[in-house]
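Residue-level listing of the chains:
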Amino acid sequence: MSLPSTVDELEAAFVANGYVPERSLSVAIHLAVQMGKPLFVEGEPGVGKTEIAKVLASITGGDLIRLQCYEGLDASHALYEWDYARQMLAIRLLEASGQGVDVHDIMSEEYLIARPLLQAIRRASEGKPTVLLIDELDRADEEFEAYLLELLSDFQITIPEVGTVRAEVPPIVVITSNRTREIHDAVKRRCIYHWIDYPTVEREVAILHKKAPETSDALSRELASAMHKLRNLDLFKAPGVAETVDWAKALQVLGEVELSPEAIDATLGVIVKYEEDIQTVRTAGVESLL
Amino acid sequence: MTPDGETAARNVVVFVRRLRAEGFSVSPQTTGYIVDAATIVGMDNMGDFRAACQAVVVTKHDQIEPFNELFDEFFSGSYVVSLDSVIDRVVQRTDSGGRARIGVAATDVPPEVDETEEVYEVGGGSYGERLMDVDFSELDEDEAAAVAAMLDAMIWSPTSVRSRRWRPSARGTVPDLRRTMRLVTGPKGDLIPLAFTQRKQKQRPLIVLADISGSMERYSEMLLHFIHGAQHRFHGVESFVFATRLTRITRQLRRRNPTEAIASAAKAVSDWSGGTRIGEAIAAYNSQWSRRVGGGGPIVLIISDGWDTGDPDYLALEMRRLGRTAHRVIWLNPLAGRAGFAPEARGMAAALPHVDDLLAGGTARNLADLIDLLQSAGRRGRSAAAQ
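Per-chain numbering applies: the sequence of each chain, read as written, is numbered from 1 onward. Chain labels run from A onward and ligand labels from 1 onward, assigned in the order the entries are written. In keeping with the predicted nature of the model, local features appear solely for residues at pLDDT of at least 70, side-chain atom pairs appear and are counted solely at 80 or more, and the whole-chain, interface and lining totals rest on all residues.

Section: the overall build of chain B
Heads up, the condition is: By definition, any uninterrupted DSSP run of H or I lasting at least four residues is a helix, any uninterrupted run of E lasting at least two residues is a strand, and each is numbered from the N terminus. For every residue, the other C-beta atoms within 10 Å of its own C-beta are counted; 20 or more classify it as buried, 12 or fewer as exposed, and values in between as partly exposed. C-beta atoms are placed from the backbone. A pair of residues counts as a contact when their C-beta atoms, built from backbone coordinates, are separated by no more than 7 Å.
The helix and strand inventory of chain B stands at 16 helices and 9 strands. When the 387 residues of chain B are sorted by exposure, 33% land in the buried category. Residue pairs at least 24 apart in sequence account for 74% of intrachain contacts in chain B once pairs closer than 6 positions are excluded.

What about the nonpolar core?
Note that soluble globular proteins tend to have their nonpolar side chains buried in a common cluster. Our working definition: To define a nonpolar core, we join buried Ala, Val, Leu, Ile, Met, Phe, Trp, Tyr and Cys residues through C-beta atoms within 7 Å and take the resulting set.
Counting 95 residues, the largest nonpolar core has Ala 28, Leu 39, Val 174 and Ile 192 of chain A together with Ala 52 of chain B as its most contacted members. Not counting residues within four places of it along the chain, the set of residues in contact with Val 174 of chain A comprises Leu 39, Val 41, Ile 52, Ala 53, Leu 56, Val 131 and Leu 133 of chain A. In this structure, Ala 243, Ala 326, Leu 358 and Leu 374 of chain B belong to the second largest nonpolar core, which totals 62 residues.

Some details on the interface of chain A and chain B
To be explicit about the condition: When residues are grouped by polarity, Ala, Val, Leu, Ile, Met, Phe, Trp, Tyr, Cys and Pro land in nonpolar, Asp, Glu, Lys and Arg in charged, and all others, Gly among them, in polar.
Across the contact, 32 residues belong to chain A and 27 residues belong to chain B. Counting residues per element, the ones that place at least two in the side of chain A that touches chain B are helix H2 (23-35), helix H5 (84-96), helix H9 (185-189) and strand E9 (192-196) of chain A. Broken down by element, the residue count for the side of chain A that touches chain B peaks at 7 residues, all from H2 of chain A. In terms of residue class, the side of chain A that touches chain B is built from 13 nonpolar, 7 polar and 12 charged.

Focus: helix H12 (residues 258-268) of chain B
Residue and element names in this part refer to chain B. As a reminder of what qualifies: In this description, one arc is meant: the one made by directions from the helix axis to the C-beta atoms.
Of all the positions in H12, only Pro 258, Ala 261, Ile 262 and Ala 265 are classed as buried. Each buried residue of H12 lies within a common arc of 95° when the element is viewed along its axis, so the set occupies one face. Packing partners of the buried residues in H12 comprise helix H8 (141-153), helix H10 (217-233) and helix H11 (250-253).

Some points on helix H2 (residues 28-41) of chain B
All names here are of chain B. Condition: Here the expected length of a helix is defined as 1.5 Å per residue gap, with one fewer gap than residues.
Relative to the 20 Å expected for 14 residues at 1.5 Å per residue, H2 spans 20 Å between its end C-alpha atoms, a close match to the ideal helical length. Those residues of H2 that sit buried are Thr 31, Tyr 33, Ile 34, Ala 37, Ala 38 and Val 41. Buried residues of H2 fall within an arc of 155° about the axis and therefore sit on the same side. In H2, the exposed positions angled more than 90 degrees off the buried face are occupied by Pro 28, Gln 29 and Gly 32. Positive backbone phi, at 85°, marks Gly 42, one or two positions downstream of H2.

Brief notes about the pairing of strand E9 (residues 357-360) of chain B
Residue and element names in this part refer to chain B. As a reminder of what qualifies: Pairing between two strands is assigned when DSSP locates at least 2 bridges connecting them. Orienting the strands away from the viewer, one traces the path from the first strand over the helix to the second; a clockwise path indicates a right-handed crossover.
Of the two faces of E9, the one lined by Asp 357 and Leu 359 and the one lined by Leu 358 and Ala 360 are each fully buried. Pairing analysis gives 4 bridges linking strand E8 (residues 328-333) to E9, with the strands arranged parallel. Each bridged residue has a counterpart across the sheet, and for Asn 333 the counterpart in E9 is Ala 360. After leaving E8, the chain enters helix H15 (residues 346-351) and then returns to the sheet as E9, a path that is right-handed.

Quick notes on the confidence of the model for chain B
When pLDDT is low, close inspection of the predicted coordinates is not appropriate. Residue and element names in this part refer to chain B. To be explicit about the condition: Per-residue confidence from the prediction method is given by pLDDT, with values spanning 0 to 100.
On average, residues of chain B score 75 in pLDDT, and 76% of them reach the 70 mark or higher. This stretch, residues 78-125, has a pLDDT under 50; its non-local contacts, to residues over four places away or in other chains, come to 44 contacts. Ignoring residues within four places in sequence, the model shows residues 379-387, a span with pLDDT below 50, making 11 contacts including any to other chains.

Brief notes about the sheet that holds E9 of chain B
Residue and element names in this part refer to chain B. For clarity, the cut-off: To get an axis, fit a line to the C-alpha atoms, keeping to the stretch in contact for a helix; angles then go from 0 to 180 degrees between the N-to-C directions.
Reading across from one edge, E6-E5-E4-E7-E8-E9 is the order of the 6 strands in this open sheet, with mixed pairing throughout. Edge positions in the sheet fall to strand E6 (246-248) and E9, since each has one partner strand and no second. Here the strands of the sheet are splayed against their neighbours by 20° on average, with no regard to which way each runs. When strand E7 (residues 299-303) meets E8, the two strands line up parallel, connected through 5 bridges. Across the sheet, the residue bridging to Val 300 is Val 329, located in E8. Running over the sheet, H10 touches strand E4 (206-211), strand E5 (237-242) and E7 and is turned about 170° from E4. The strands touched by helix H13 (residues 278-293) are E4, E5 and E6; relative to E4, the strand with the most contacts, the crossing angle is about 155°.

Regarding the pairing of strand E6 (residues 156-159) of chain A
The two faces of a sheet get side chains in turn, since along a regular strand they alternate between them. Alignment of E6 of chain A against strand E7 (residues 163-166) of chain A, held across 4 bridges, turns out to be antiparallel. Counterpart to Ile 157 of chain A in the pairing with E7 of chain A is Val 165 of chain A.

Digging into the sheet that holds strand E2 (residues 63-68) of chain A
All names here are of chain A. Pairing is parallel across the open sheet formed by 5 strands, whose spatial order is E2-E5-E8-E1-E9. Every interior strand has two partners, whereas the edge strands, E2 and E9, have only one. Across the sheet, the mean angle separating the axes of adjacent strands is 20° when strand polarity is ignored. Across 4 bridges, strand E5 (residues 130-135) lies against strand E8 (residues 172-177) in parallel orientation. Bridging across to E8, Leu 132 finds its partner in Val 173. Across the sheet, H2 is in contact with strand E1 (39-43), E8 and E9; its angle to E9 comes to roughly 155°.

What about unusual backbone geometry?
All names here are of chain A. Unusually for a residue other than glycine, Glu 136 sits at a positive phi of about 55°. Structurally, Glu 136 can be placed in the loop between E5 and helix H8 (142-154). The exposure class of Glu 136 is partly exposed, given the 19 C-beta atoms found within 10 Å. The phi angle at Phe 155 is positive, at roughly 50°, despite the residue not being glycine. Looking at where Phe 155 falls in the secondary structure, it is placed in the loop between H8 and E6. Of the residues examined, Phe 155 has 22 C-beta atoms within 10 Å and is grouped as buried.

Here it is in structure tokens:
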């Protein structure tokens, strides 16, 4: 499938794929795709950052390649690694058969393990539509951002023993961050930036229609407005949209068709996940959410 | 209204000047992106156009609101109509050879900072030695200057934690197969020397929350010197001050000259010497900052005398939350060194169960001791809380 050529088309494609973006997000995605720049999305957990990449992959019909960041992530896990065990074996075999070992025999593509970044560049260089998701970049440490800087400006990777892989048409890149630390400005400047806020009540209802279609319109409204109130309580960790969808499904499983204080009380653990937050909600009274 | 391309480009150029004057960093490259974005999205729908500009210019959440205000003010019609005359002036100035700075005055250009570091004699003699033990509130003006100089010059050496990143090491215990393979293909190939790695060391972050309310007045300045020193000799320090509300002063303290840095921090704070609401300040840190700057198991240093006008239960709750995200919570109380001190101030008593160390902080000697503690805080268990 080809890419939408206007903001309106892109928005429609997202909605058709079960994602209801706010207008400014549609604009940002459209720009990122058209300008060939990475999209950098920040926001609280559970507001649908990762989902953007999945939907983009399904719209373009391309593969989603995901790099989950974590502390200590380095080149050998993000770019490429050699398959040492096989290299050692190959050396033994060559020696046993009396042949000399040539460096080129064991430092070739055959012994290369491509990690997500290399996979994405390779696929893009073959002209296949590709979406690269670099998830939770804030979890990786600052040293890793330096690798990314180079990759994001040139979309090429050089492996000394093999050569350079370069993507003429860059893959669509989506970078997410939960903002547990500030990402360096140099990375952000190369990107299209968007902050995803919690949705408005209307948009959350629309999301529920897409994500939990069995839930009745009335119940969806009740859930969305309860969530809105919940996020205004002083909670340690406010629930995201993911929690709203889970909540609708949980009520579905329990066979509840409307939001009663008892139903909220029984399902509180689905939406609030800290003991003291549960206390806060109980103190405020579950009825106050109705 | 669809302005022709040239007018649009001119509008963008002037808008960028306005943004820069308001403190946004907009590179010439970004200016190009704005023009690209305007071309892709079009200017028919102002909401879309604004979202597009925002997406290429803004790099932080808290910039969004100021950006939108500026954008609305700029593109709200009247301004745009009168643009041409502005542009003409810009063009004229540029033509005459100078750098164009029109439309808005470049505000707040910092004066050239004199970077020459003064060398102080620290503790070199009985005068310095004596001052080390004098309570900050009892110093006269000259002595205060001398003590501030000592605080500026104190030596910090950081405590470190093990990072999850690896570095090459001859004494490491984990074989580095990547480097080994490189070595194998080198001149000594048949020997297969193993290369080793070990975990890198990384510095533990330090978060400072300093009370600057009325009751702390006589200590605040000295303590700011101390915090300034911490920030410059210790990597990864975040500094906040509070009285009734929390203000982050990390950026202001980044200036090298301590006097200027503290003056600039003072300007950023709106509630100097007001009442104290420690609970609210810590709550603000927990909810707004802890997840942004408090990663990696920080040491949290709270500096306060514990005189609190807020709700002690609230303070206790927020202290408990704080303790959960911090590696260690140290409370520095300027009064704690005095004879007969007991942690009885309402706030102090409420917070005490959630504090790992309660230390005195009224003299330069106290602060020197604190630095020693920070260097070992990665290893020692709870100590003074049991006092």
